[in-house]
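Residue-level structure breakdown
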Amino acid sequence: MDNYTRNWIGLFILGAINNLPYVIVVSAAKTIADSFDERNQVGLVVGANVALSVVVKFGNTFFLLKTRYWIRYVVNAVLMLIGLFGVAYAFSFWFALICIVFVGASAAFGENVALGYLRLFPSTLVNAWSSGTGMAGVLGAGIYIIFGCVVGAGGHNTAQLKSLTKYAFLLTTPFVALYMISYFFIIKPPLPEETSDQGSARSVGNVQAEEEEDEVHKPLLHDAVSGEEQVFEAPAERLRMYEETMCRRIIRCFKLTTWLSFNLCAVYLFEYIVQGCAAKVRPKSEYNIGCPELYAALSLCYQAGVFVSRSSVQLLRIQRIEILTILQAINMVIWLFDVHYKFMPTSILPVVMIYVGLLGGASYVNIFFRLLHDDVYPDKDRELCINIVAIFITLGIVLGTVSETILFNTVLKSD
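Conventions used here
Residues numbered from 1 in each chain as written. Predicted model: local features only at pLDDT ≥ 70, side-chain atom pairs only at ≥ 80, totals over all residues. Heavy atoms only, no water. UniProt positions renumbered as here; feature names shortened; annotations may be inferred. Helix = DSSP H or I, 4+ residues; strand = E, 2+ residues; numbered from the N terminus. Buried < 20%, exposed > 50% of the residue type's maximum accessible area, 1.4 Å probe, protein only. Contact = heavy atoms within 4.5 Å. Areas by Shrake-Rupley, 256 points an atom, 1.4 Å probe, with all protein chains shown as cover. Expected span 1.5 Å × (residues − 1). Patch = residues over 30% accessible without salt bridge, like charges linked within 9 Å, V, L, I, M, F, W, Y side chains within 5 Å. Salt bridge = Lys/Arg side-chain N within 4 Å of Asp/Glu carboxyl O. Core = buried A, V, L, I, M, F, W, Y, C linked by side-chain atoms within 4.5 Å. Axes fitted to C-alpha atoms, helices over the stretch in contact; angles between N-to-C directions. Parallel < 35°, antiparallel > 145°, perpendicular 65-115°, else oblique. Nonpolar A, V, L, I, M, F, W, Y, C, P; charged D, E, K, R; others polar. Phe/Tyr/Trp six-rings, centres within 6.5 Å; stacked < 30°, edge-to-face > 60°.

Looking at an unreviewed UniProt entry, one finds the chain named Battenin and attributed to Mizuhopecten yessoensis. In its Sequence similarities (unreviewed entry) section, the UniProt record describing the chain reads: "Belongs to the battenin family."

Structure follows, in structure tokens:
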């Protein structure tokens, strides 16, 4: 097996397992709340899943980029296991929420680490990671549908719901071992001299060499400075130069990525509002019946669309990402009107939800492909640029969740 195929498989596995616990929490939020007889606190479950996402992404972006990848992957695996075992054996609703915070933090931290790690590989391998995250969505939604059908057939007593929640998360824990195997034994980062016409590949050692070279070529103080002054003033002056350089670097990378960050944030904002609308686009009598239940089925359709489009960059590349943002904004407006007027028949909702997923997934994979491939982003700044943009994913999710909550408790409360 050639290294490209091997790395594609390994990165696909990393993406799928990194996001699987997060997606299961989102898909089964109602079941988790019901299992503790907290039927009105579904929003807290979803909120806990993103509570620390911005914090861990900021931490990785601004403090941990010099930390070895293997250390960050091991830390992420530990966070994942704490969350999974904690939710499985939670003795109260609030303890479950604390453990769900670990699940969400792991998904967010792992995403930022992996996207930065991808800079060492041909840029087309972002397709492997993004396709894996899409598969996680399909698996998570599928598990929720299976459990929903079982619960629907067996009643709604909290003991049974707790049992289902417990085994759903316990059965996910062995995948953490596969996550580690994938990183340590399946994936082989390219050597410094290895390149690809699909994007340059650089090793950690090569990047470090570039950084050392930059350090060597930093301008020294002017020769006119006297020896006495040089001894005492040079260190402070060079420290100020370094601090200013780091500050300028962050600002420059932020400016470089502003357009991509805005579009990714907006797409996530719009699609999370749409997902919330899916729970109210039909009369109440059409929900919580049948197998699969309507909301669960629409969630699966959305995840299927995400999976297909996140796997598409090797076949179709989209430069005008703002078109995807505009189309998703139109989707959001249509779904918001449908919450009130309910003009879309149930038969077309799955197709429209797949379309929502296709737009969101296409925006994600094409934006990160550009960050890994385009020469406008310098190699030495690529990881920082990637991490800055990834922060806006969480910002979009938070804004979407807050906007949805406000809308459904004000102008759309009676629909």
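Time to look at the overall build of the chain. Along its length, the chain carries 15 helices and zero strands. Here the chain, with 415 residues, has 50% of them falling under the buried criterion. Residue pairs at least 24 apart in sequence account for 83% of intrachain contacts in the chain once pairs closer than 6 positions are excluded. With an accessible surface of roughly 19,100 Å², the chain has 67% of that area assigned to carbon and sulfur atoms.

Between the first and last C-alpha of helix 13 (residues 321-341) there are 31 Å, a value that for 21 residues agrees with the 30 Å anticipated at 1.5 Å per step. Of the positions making up helix 13, those classed as buried are Ile 321, Glu 322, Leu 324, Thr 325, Gln 328, Asn 331, Met 332, Trp 335, Leu 336, Asp 338 and Val 339. With its phi angle positive at about 50 degrees, Lys 342 sits one or two positions after the end of helix 13.

What follows covers a nonpolar patch on the surface. There is a patch of nonpolar side chains on the surface, built from Trp 70, Ile 71, Val 75, Phe 175, Leu 178, Ile 181, Phe 184 and Phe 185 and spanning about 720 Å² of accessible area. At the level of secondary structure, the elements contributing two or more residues to the nonpolar patch comprise helix 5 (69-88) and helix 9 (174-186). Among the elements that line the nonpolar patch, the one with the most residues is helix 9, at five residues. One can find Ile 71 in helix 5. When its relative accessible area of 34% is taken as the criterion, Ile 71 is described as partly exposed.

Moving on, we come to helix 5. With 20 residues, helix 5 ought to run about 28 Å at 1.5 Å a step, and its terminal C-alpha atoms sit 29 Å apart, in line with that. Three or more residues of helix 5 are buried, namely Tyr 69, Arg 72, Tyr 73, Asn 76, Ala 77, Leu 79, Met 80, Gly 83, Leu 84, Gly 86, Val 87 and Ala 88.

This brings us to the nonpolar core. By size, the foremost hydrophobic cluster in this structure holds 81 residues, and its most contacted members are Val 45, Tyr 73, Tyr 117, Phe 169, Phe 368 and Leu 371. Ranked by residues supplied to this core, first place goes to helix 6 (residues 93-117) with 15 residues. Look past the residues within four positions of Val 45 in its chain and what remains in contact with it is Val 25, Ala 29, Ile 32, Ala 33, Phe 93, Leu 97 and Ile 100. Within the second largest apolar cluster, 25 residues are counted, among which are Phe 270, Tyr 302, Trp 335 and Phe 408.

What follows deals with the environment of Pro 190. If you trace the backbone, Pro 190 turns up in the loop between helix 9 and helix 10 (204-216). Along the backbone, Pro 190 and Asn 3 are 187 residues apart, and their C-alpha atoms lie at a distance of 8.2 Å.

Where helix 5 meets helix 9, the closest approach of the two axes is 10 Å, and the angle between their N-to-C directions is 170 degrees. Considered as vectors, helix 5 and helix 9 are oriented roughly antiparallel to each other. Counting all contacts with helix 5, which are made through Tyr 69, Trp 70, Tyr 73, Val 74, Asn 76, Ala 77, Met 80, Leu 81 and Leu 84, the residues of helix 9 involved are Val 176, Tyr 179, Met 180, Tyr 183 and Phe 184. Among the residues forming the contact of helix 5 with helix 9, the class breakdown is 13 nonpolar, one polar and no charged.

Turning to unusual backbone geometry, a few remarks are in order. Non-glycine residue Asp 37 carries a positive phi angle of around 60 degrees. Of note, Lys 342 is a non-glycine position whose phi angle comes to about 50 degrees, a positive value. Mapped onto the fold, Lys 342 is located in the loop between helix 13 and helix 14 (349-373). For Lys 342, a relative accessible area of 24% puts it in the partly exposed group.

This brings us to the packing of aromatic side chains. Under the counting rule described, the total for this entry stands at 17 aromatic pairs. Each ring, one from Phe 93 and one from Trp 94, has its centre 5.7 Å from the other, and the planes form 70 degrees; the classification is edge-to-face. Residue Trp 94 is classed as exposed on the basis of its relative accessible area, which comes to 57%. Aromatic side chains Tyr 117 and Tyr 183 sit 5.5 Å apart centroid to centroid with 55 degrees between the ring planes, which places their arrangement in the tilted category. Of this pair, Tyr 117 sits in helix 6 while Tyr 183 sits in helix 9, placing them 66 residues apart in sequence. In this structure, Tyr 117 and Tyr 183 share a single accessibility class: buried.

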